[in-house]
Amino acid sequence: GHSPDPDDAFMFYALTHGKLDTAGLTFKHVIADIETLNHKAVEGELDVTALSVHAYGYVMDKYALLPSGGSFGDGVGPIVVAKKKMDVGELADDRIGVPGTMTSAYLMLKLMLINFRFEVIPFDKIMDAVLSGEVDAGLLIHEGQITYEKAGLHKVVDLGRWWQEDIGLPVPLGVNGVRKDLGKQLMHKISELLTQSIEYALKHRDEAVGYAMQYGRGMDAATTDRFIGMYVNEWTRDMGPKGREAIARLLTRGYHAALLPRPVHLEFVA
């Protein structure tokens, strides 16, 4: 399972287009917005799936985390936009369109503002909702983070910058989970193949970007490549100690703020 956005498509291109020796395994795309994937993960529907770091707090009994394929921002992340210029403090009284209550973006906004009024809106409809006045502000993920200015919107706050200035770690947004009941041998094989798929895309960037453009909702090749570069970085190939610590810090803060039901135990495929 993965989101209909260019960075996921870029990463999984080789895995689903016959570019790798998968040793008899067949991978089928299940494409849905991240909040839908989060809820599918709660039900354990998919063998392997992208999911929000926030959502892992609800599915750790079913899924282990893969060390590659994560989405980490380097000083960039979800942003809140509005039709007019405003300060962060004004958001507490506004209606904010959010892409889902299990997204990492929503968790970060809750940690920053504590309380705010919100309305769940599909991620690709949030800018329109702000422009039409349906909501006063919108929490943008995916390509909206770099296309909002063309729509005439103003950035109120960059949650990625806020997180990195406060915590000093990469911004933990998305991860990939694999069902633990598949068994360790198959989990390891899937992990190896996902890493190989990412490496193939990085080595054949133009080819993989060309494929990913179909998920760019009108972005040209240069803009698509720029967006992919925001979230396919050194921590995507292997999140390493810093990536793991960032995930742990976000989920621990969420638990201490009573935004997660229980302490989160992170389990990774070695």
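Residues numbered from 1 in each chain as written. Predicted model: local features only at pLDDT ≥ 70, side-chain atom pairs only at ≥ 80, totals over all residues. Heavy atoms only, no water.

Student: Where do I start with the packing of aromatic side chains in this structure?
Tutor: One pair of aromatic rings is described through two measures. These are the centre distance and the angle between the planes. Scanning the model with the defined rule gives six aromatic pairs in all. Ring centres 6.3 Å apart and planes at 50 degrees place the aromatic pair Tyr13 and Tyr200 in the tilted group. Here Tyr13 is found in helix H1 (residues 6-16), whereas its partner Tyr200 is found in helix H8 (residues 184-203), with 187 residues between them in sequence. On the basis of relative accessibility, which here comes to 17%, the residue Tyr200 falls in the buried class. Site record: aromatic cluster; members linked through ring pairs are Tyr13, Tyr200, Tyr211 and Tyr215. The ring of Phe116 carries the charged tip of Lys110 above its face, separated from the ring centre by 5.7 Å. Taking the ring centre of Phe268 as reference, the NZ or CZ of Arg244 above it sits at 4.1 Å. (Phe/Tyr/Trp six-rings, centres within 6.5 Å; stacked < 30°, edge-to-face > 60°. Helix = DSSP H or I, 4+ residues; strand = E, 2+ residues; numbered from the N terminus. Buried < 20%, exposed > 50% of the residue type's maximum accessible area, 1.4 Å probe, protein only. Lys NZ or Arg CZ within 6 Å of the ring centre and 35° of its normal.)

Student: Got a minute to help me understand the layout of surface pockets in this structure?
Tutor: Think of a ball as big as a water molecule: rolled over the atoms, this probe shows where empty space is left. Size it by volume and the largest pocket reaches roughly 440 Å³. Lining of the largest pocket is provided by 22 residues; of these, Gly1, Phe27, Lys28, Asp47 and Val48 occupy positions nearest its centre. Those elements that provide at least two residues to the lining of the largest pocket are H1, strand E1 (48-52) and H8. (1 Å grid on protein atoms, 1.4 Å probe; cavity = no way out; pocket = protein on both sides within 12 Å on 5 of 7 lines; lining within 4 Å. Points joined across faces, edges and corners; volume = space filled by probe spheres on them.)

Student: What should I look at first to understand the side chain of His2 in this one?
Tutor: As for its placement among the helices and strands, His2 is situated in the segment before H1. Given the relative accessible area of 2%, His2 is considered buried. A distance of 2.7 Å separates the side chain of His2 from the side chain of His29, its partner in a polar contact. Not counting residues up to four positions away in its chain, the partners in contact with His2 are Asp8, Ala9, Phe12, His29, Val30, Ile31, Ala32, Leu37 and Ala50. (Polar contact = N/O pair within 3.5 Å; in protein donor to acceptor, adjacent residues only side chain to side chain. Contact = heavy atoms within 4.5 Å.)

Student: How should the packing of H8 against helix H9 (residues 205-212) be read in this particular structure?
Tutor: A pair of packed helices can be characterised by two numbers: the angle between their axes and the separation between those axes. One can describe the packing of H8 onto H9 by two numbers: an axis separation of 5 Å at closest approach and a directional angle of 105 degrees. With respect to H9, the element H8 is oriented roughly perpendicular. Between H8 and H9, the contacting residues are Tyr200, Ala201, Leu202 and Lys203 on the first element and Arg205, Glu207 and Ala208 on the second. A per-class count over the contact of H8 with H9 returns four nonpolar, no polar and three charged. (Axes fitted to C-alpha atoms, helices over the stretch in contact; angles between N-to-C directions. Parallel < 35°, antiparallel > 145°, perpendicular 65-115°, else oblique. Nonpolar A, V, L, I, M, F, W, Y, C, P; charged D, E, K, R; others polar.)

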